[in-house]
Amino acid sequence: MPNQSARFSVRLVRIVRVVGHVFRGLWVTRVRFPRLDTAGQDHELRSWANRLLVILNVRVTCLNEPDALPPRCVIVANHVSWLDVMTIFSVRPAVFVAKDEIRRWPFVGRLCEQAGTLFIARGSRSHARHINGRVSETLSAGRVFAMFPEGTTTDGRSLNPFHRALFQSAVDADAVLQPIGIRYTGPDGAWTDAPAYVGDMSLVESAWRLVSAQALVAEVRFAPSIPAGNAHRKDLATHAETAIAHALDLAPPRREPGSRVDPRDERR
């Protein structure tokens, strides 16, 4: 169901406020971050994300949220939009991994980089191994790590099969996975595709759709945590897929017969 549209004047005001907020974020991450400890940086990230959500009139609700996340925690989430990152930041600040193309986004790419995002080159196994090492270091330092293992966005009505490579970092760090499902609705509770950033849509188009929505609700649905230390990454990916699908009342993703399998995922 389409979300009711905001007035044109409201959209323009939101655009101006979003642009100003992005520049403020660049200043904070460039000037303030080097002088802050981890807790201070997380506080700044959470405050910045919450403010952006207020500007866009997005309300975040949590279902089955635990009182605290476990040590060495890896948040695993489905991926609908760049708004997912802000939604997670507003709940639990984390270090994200993102595709390398995002680094080249005007202003936003620089903001993500200065906020500590790890960028991965798609299709490069050697770079994936390097990122796994960085993730293990992040977890060992007590930071929360977050990833979108679908590797791309969907419209939120279904899940794509999870890529398994990054789950190895959770195994190596003896971490705990925290699966969460993200779902966007209008104020009436009906699903909306306004935040969906899919297909050939540009960042500008996506931003316009968001400022055009009168109001949105971002539902963050927590599933039971999954210990990763003694598991195989293939099993972890499947378990996380199932947990998030259940949280969102979706069917688990199906892998096409004959699809290419990473030989390192085969049982030894």
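Residues numbered from 1 in each chain as written. Predicted model: local features only at pLDDT ≥ 70, side-chain atom pairs only at ≥ 80, totals over all residues. Heavy atoms only, no water.

Draft legend 1. Just the pattern of salt bridges, in detail. Under the counting rule described, the total for this entry stands at 8 salt bridges. Measuring nitrogen to oxygen at the nearest pair gives 2.7 Å for the salt bridge that ties Glu219 to Arg221. Each member of the pair Glu219 and Arg221 is classed as buried. (Salt bridge = Lys/Arg side-chain N within 4 Å of Asp/Glu carboxyl O. Buried < 20%, exposed > 50% of the residue type's maximum accessible area, 1.4 Å probe, protein only.)

Draft legend 2. How the structure looks around the side chain of Asn78. Checked against the element boundaries, Asn78 lands in the loop between strand 2 (73–77) and helix 3 (83–91). Note on Asn78: relative accessible area 2%, which makes it buried. A polar contact is formed between the side chain of Asn78 and the backbone nitrogen of Ile182, at a distance of 2.6 Å. If sequence neighbours within four positions are ignored, Asn78 has contacts with Asp84, Phe148, Glu150, Leu159, Ile180, Gly181, Ile182, Ile244 and Leu248. (Helix = DSSP H or I, 4+ residues; strand = E, 2+ residues; numbered from the N terminus. Polar contact = N/O pair within 3.5 Å; in protein donor to acceptor, adjacent residues only side chain to side chain. Contact = heavy atoms within 4.5 Å.)

Draft legend 3. Quick peek at helix 8 (residues 233–247). Taking 1.5 Å of rise per residue, the 15 residues of helix 8 would be expected to cover 21 Å, and the 21 Å separating its terminal C-alpha atoms lies within 8% of that figure. For helix 8, every residue scored as buried is listed here: Arg233, Leu236, Ala237, Ala240, Glu241, Ala243, Ile244, Ala245 and Ala247. The elements touched by buried residues of helix 8 are strand 2, helix 6 (167–172), strand 6 (176–185), strand 7 (216–222) and strand 8 (226–227). Immediately downstream of helix 8, the backbone of Asp249 shows phi near 60°, a positive value. (Expected span 1.5 Å × (residues − 1).)

Draft legend 4. Representation of the pairing of strand 6 within the structure. Of all 10 residues in strand 6, 9 are buried, a share of seventy percent or more. Of the strand pairs in this sheet, strand 6 and strand 8 are connected by 2 bridges, and their pairing is antiparallel. Bridge assignment links Leu177 to a residue of strand 8, and that residue is Ile226. As paired strands, strand 6 and strand 7 are joined by 6 bridges and run antiparallel to one another. When the bridges of strand 7 are listed, Arg183 appears paired with Glu219. (Pairing = 2+ DSSP bridges.)

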